[in-house]
Amino acid sequence: MLDAGSLGERFLDGGGAEFTVLLETLGEAVTIRDVNDEIVYANRAALRQLGFESLEKLQRRPLVALMDEYVVHDEHGRPLTMADIPSVRLLNGEPAEPLLIHTVHQTTGASRWQLLKAAGLRDTADRLVAAVTVIEDLTAVKTAEVQMRILSESGRVLASSLDLHQTLANVAEVGVPGLADWCVVDLIDEDLNREHVAIAHRDAGRRDLVARLRELEPLRVDPESTAGRVFTSGESQLFFDVPDEHLFRVAAGKEHLQILRALAIRSAVAVPMRTRGRTVGVMTFGTSESQRRLTAVDLDLAEQLAGRAAMAVDNSRLHTTLSLVSETLQQSLRPSELPPVPGWEVAALYRPAGASQRIKVGGDFYELLTDGEACLALIGDVTGHGVNAATLTALLRHGAHFASRLEPEPAAILNELDELLRQRSETWLCTALCARLEPEELVLSSAGHPPALIVDATGTVTEAPDPGPLLGAFSDAEWAQHRVAIPHGGLALLYTDGVTETSGVNDRFGTDRLKQLLSAHAGADPDTLLDALDHALVAFRHGEPHDDIAALALAPNPA
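These numbers were taken from a predicted model, which means no experiment stands behind them.

Trainee: Break down the pattern of salt bridges for me, citing the residues and quoting the values.
Mentor: A full pass over the atoms with the stated rule returns 34 salt bridges. With its nearest N and O atoms 2.3 Å apart, the salt bridge here joins E441 to R483. Here the residue E441 occupies a position in strand β16 (residues 441-447), and R483 occupies one in strand β19 (residues 482-485), the gap between them amounting to 42 residues. R483 sits in the exposed class, given a relative accessible area of 52%. K515 is the partner of E463 in a salt bridge, and the nearest nitrogen-oxygen pair spans 2.8 Å. Separated by 52 residues along the polypeptide, E463 in strand β18 (residues 461-464) and K515 in helix α17 (residues 510-520) bring together distant segments of the chain. Judged by relative accessible area, K515 falls into the partly exposed class, the value being 24%. Here the salt bridges share partners, and the residues they tie into one network are E409, R436, E438, E441 and R483.

Trainee: Please give an account of unusual backbone geometry that cites residues and values.
Mentor: At the junction of V176 and P177, the peptide bond is cis and its omega measures out at 0° in the coordinates. Checked against the element boundaries, P177 lands in the loop between α8 (164-174) and β7 (182-188). With an omega dihedral of -10°, the bond running from A464 to P465 counts as a cis peptide bond. Topologically, P465 is positioned in the loop between β18 and β19. Of note, D126 is a non-glycine position whose phi angle comes to about 65°, a positive value. Structurally, D126 can be placed in the loop between β5 (111-122) and β6 (128-137). With a phi angle near 50°, R276 is a residue other than glycine that sits in the positive phi range. Its location among the elements puts R276 in the loop between β10 (267-275) and β11 (278-287).

Trainee: Can you tell me about the packing of aromatic side chains, naming the residues and giving the values?
Mentor: Taken as a whole and judged by the stated rule, the model has 1 aromatic pair. Between F509 and F540 the ring centres are 5.4 Å apart and the planes differ by 80°, which places this aromatic pair in the edge-to-face class. Of the two residues, F509 is situated in the loop between α16 (497-500) and α17 and F540 in helix α18 (residues 526-540); the sequence distance between them amounts to 31 residues. There is no split in this pair, since F509 and F540 are both buried. The lysine or arginine in question, K142, covers the ring of W113, its NZ or CZ lying 5.0 Å from the ring centre.

Trainee: I'd like to hear about a negative patch on the surface, residue by residue, with values.
Mentor: A contiguous patch of negative charge, built from E345, D525, D527 and D531, is present on the exposed surface. As for its placement among the helices and strands, D527 is situated in helix α18.

Trainee: Explain the sheet that holds strand β4 (residues 99-105) to me, using residue names and the numbers behind them.
Mentor: Spatially, the 6 strands line up as an open sheet ordered β2-β1-β6-β5-β4-β3, and their pairing is antiparallel. Of all strands in the sheet, those bounded by a partner on one side alone are β2 (39-42) and β3 (70-74). On average, each strand axis in the sheet is tilted by 30° relative to the strand beside it, whichever way the strands run. Running over the sheet, helix α7 (residues 139-158) touches β4, β5 and β6 and is turned about 135° from β5.

What counts, and where the lines are drawn
- Residues numbered from 1 in each chain as written.
- Predicted model: local features only at pLDDT ≥ 70, side-chain atom pairs only at ≥ 80, totals over all residues.
- Heavy atoms only, no water.
- Salt bridge = Lys/Arg side-chain N within 4 Å of Asp/Glu carboxyl O.
- Helix = DSSP H or I, 4+ residues; strand = E, 2+ residues; numbered from the N terminus.
- Buried < 20%, exposed > 50% of the residue type's maximum accessible area, 1.4 Å probe, protein only.
- Phe/Tyr/Trp six-rings, centres within 6.5 Å; stacked < 30°, edge-to-face > 60°.
- Lys NZ or Arg CZ within 6 Å of the ring centre and 35° of its normal.
- Patch = residues over 30% accessible without salt bridge, like charges linked within 9 Å, V, L, I, M, F, W, Y side chains within 5 Å.
- Areas by Shrake-Rupley, 256 points an atom, 1.4 Å probe, with all protein chains shown as cover.
- Lys, Arg positive; Asp, Glu negative; His and termini not counted.
- Charge placed at Lys NZ, Arg CZ, Asp CG, Glu CD.
- Pairing = 2+ DSSP bridges.
- Axes fitted to C-alpha atoms, helices over the stretch in contact; angles between N-to-C directions.
- Contact = heavy atoms within 4.5 Å.

Nothing here speaks to function; it is all geometry.
Below, the structure is given as structure tokens:
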């Protein structure tokens, strides 16, 4: 058998001693394997990495047995065997590209990332006599890389949805398998009531086993349990080892213990989900199949993930609360159900701008005023969006109801709304169109609002009336009234400019397209027409809507 000195002499033409000294000073581990598949040399760095005190003790261990002490995968998670190692491939006459491997020692649970590079040693006859392997330890680099990837991915998934359960499920998946083999997420309230929210496992076939485990656990957390202590103290717990005695102690019953043992839990960490000084849940990460032992570094990463998940819980709950406020506010802005109007069929369409906004209320409004003998339809558009516009809209609606009882004339109602706006300390402007519904005709008055569109049974579309001044703009403003006949089979559409201003790819929906849609649906009832309009706007729109949409369709129905 060739020794390291003779191999070095052949490789360096007589510089064996210098070659050995050089190898001993290297930070990288270096081994030399001969054609008989035996290690003939290992420098001090290699002996340290492999856990041997001397080359002689290393040589007494068969190489296959040595590799069997580890769980070995490539960087993509593919299991590796001895035949995949570059030095073995090289000695077998196969290509031997550098190979990045991830190893976990089955006894210690220590995890390493190593880059293996192999080169051949040849004798004077150019015969391959051995392979030199340089083992570069990339554990610190790859660990940092995995952590950055997990944190980056968690940031992306947390921003992708405000759905609480889906978000937490996504976060759990992000931590597997980079941080651990499995993850479970529990939300816990102040009374220690638990909600099982998410489960992730690197082995899809074992996910159901974890799910069954969760079903067997009580919904109220025991304050002395791991989850209970983590939740109440706000401090994490790291279990470097999870012995069977611990499983027996925490098991909730015979089946629960059987599943805990079947999962073969090697190591675990439980971390609090804390945000704004309070704990909202617990995330638990564990290792099984990989046989890794979790470390303080893993604990730190788990705590960062839990903190981000807790913030997502807070944001989701805030979004839910604001959505409820928004929905309540929207319902106050428009009738939940249009009242019946004798002699008329009526329908309404309302879409607030910015479906992604937390408060989805705007300045567009409509109202049917049926408090007195007359029936009036009102549609308007207050400048601005959000709570301020919503507050003003509510004021105008109630003002219109009051005015309609005193003088049920469209121009008189607009005059009353103008007074309400001009009495406010800030300048607010509003367009509005008011119509009194009479048998087969409308009495219209407009304050800077898009004119009503009237379509007859033949599909001919006309506009009425000419608009008067904006509400809130002038102290001496007056508004005229116009009578417009709505023939049998005809229909009148009152709408806000959010309809015509809907943005497409290259232009806006516009009045011409709106008229074409009305003409194409001549003879349709109000509900059918507004459904067609809604679908047309959605199909035309490019991106998020930037303006609210409101519309009223009015059709005489003498029967």
